[in-house]
Amino acid sequence: MSEQPIAIGERRPVAARDRHIFQVLAAKMAHAGITPNSISVAGMFCGIAAGAVLVVTPYVSSWEQRLAYLSSAIFIQLRLLANMLDGMVAVDSCARSPVGGLYNEIPDRVSDAGTLIGAGLAIYSNLLVGLAATSVAIFVAYVRAQAKVCGAPQDFCGPMAKQHRMALMTIVLVYLTITPQFLQPLWDRDGLIVLALWIIIIGGTATAIRRLIRAARALRNTSV
């Protein structure tokens, strides 16, 4: 692993990064020789697992569905934890892999696809809506990455960036876990997961447009 300076300003702003418990955890992981790239890959598998457990919900009993919802919410949070820790470990070890940028971006896109497609295959959900949400989520990240290639600063703005998408999914999944069936609305057999996916589609589209506008403004200002 070759040593390179870590560009702190290039990281997604995450408030939890300043918490002592996560700083200690990151330092211990760095001291143990755990690489940022391996953490990124672990986060990717958590994202896939979050969707995989939802795929089984049409075929199991009610209490097993609730267990799947809760498991998916936990896997989503573990994915986000890994996404945060990989950068923190890179900073604590004062080094990163030359391919660290690839490990930072590509597993995230696989995670989005795994979680959102899985959500589209859940009970009372819709695969086409899940695929559309996946496409929008990936496009939002593509806009950010392409703007950076063109010379604009990294822009992690919302209203439906990664942390917002995953927060929404987590809230819905926890709600489905703890509430009785009669408090879980259905619209022509489409449930709350479909509603969450539609919010991701609409909010993600708005996010992509906002990032494009901000990137274009920044690029025009730098060319003056």
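Novice: Let's hear about the overall build of the chain: which residues, and what values?
Specialist: For the chain, the helix and strand inventory stands at seven helices and zero strands. Ordering the α and β elements of the chain from the N terminus gives α-α-α-α-α-α-α. In terms of overall size, the chain behaves like a compact globule, its C-alpha atoms giving a radius of gyration of 19 Å where 224 residues would be expected to give roughly 17 Å. Its C-alpha atoms put the chain at 55 × 45 × 25 Å along the principal axes. Expressed as a percentage of the 224 residues in the chain, the buried residues total 45%. Pairs at least 24 apart in sequence give 82% of the contacts found in the chain among residues at least 6 apart. When the accessible surface of the chain is summed, it comes to about 11,500 Å², and 69% of that surface belongs to carbon and sulfur atoms. Computing the positive centroid from 19 side-chain charges and the negative centroid from 12, the chain places the two 5 Å apart.

Novice: Now, about helix α3 (residues 62–92): what can you tell me, with residues and values included?
Specialist: Taking 1.5 Å as the rise per residue, α3 with 31 residues should run 45 Å; its terminal C-alpha atoms sit 45 Å apart, in good agreement. Taken from the residues just after α3, cysteine 94 is the one with a positive phi, measuring 55°.

Novice: Before we move on, can you summarise the pattern of salt bridges with the specific residues and values?
Specialist: The full count for this structure, using the stated rule, is nine salt bridges. In this structure, arginine 144 engages glutamate 105 in a salt bridge whose closest nitrogen and oxygen atoms are separated by 2.9 Å. With arginine 144 in helix α5 (residues 127–149) and glutamate 105 in helix α4 (residues 100–120), this pair connects stretches of sequence that are 39 residues apart. Between arginine 109 and aspartate 108 there is a salt bridge, and its shortest N-O distance comes to 3.7 Å. Neither arginine 109 nor aspartate 108 differs from the other in exposure class; each is buried. Here the salt bridges do not stand alone but share partners, grouping Arg79, Glu105, Asp108, Arg109, Asp112, Arg144, Lys162 and Arg165 into one network.

What counts and how
Residues numbered from 1 in each chain as written. Predicted model: local features only at pLDDT ≥ 70, side-chain atom pairs only at ≥ 80, totals over all residues. Heavy atoms only, no water. Helix = DSSP H or I, 4+ residues; strand = E, 2+ residues; numbered from the N terminus. Rg over C-alpha atoms; globule rule 2.2 N^0.38 Å. Buried < 20%, exposed > 50% of the residue type's maximum accessible area, 1.4 Å probe, protein only. Contact = heavy atoms within 4.5 Å. Areas by Shrake-Rupley, 256 points an atom, 1.4 Å probe, with all protein chains shown as cover. Lys, Arg positive; Asp, Glu negative; His and termini not counted. Charge placed at Lys NZ, Arg CZ, Asp CG, Glu CD. Expected span 1.5 Å × (residues − 1). Salt bridge = Lys/Arg side-chain N within 4 Å of Asp/Glu carboxyl O.

By themselves, these are just geometric observations and shouldn't be taken as functional.
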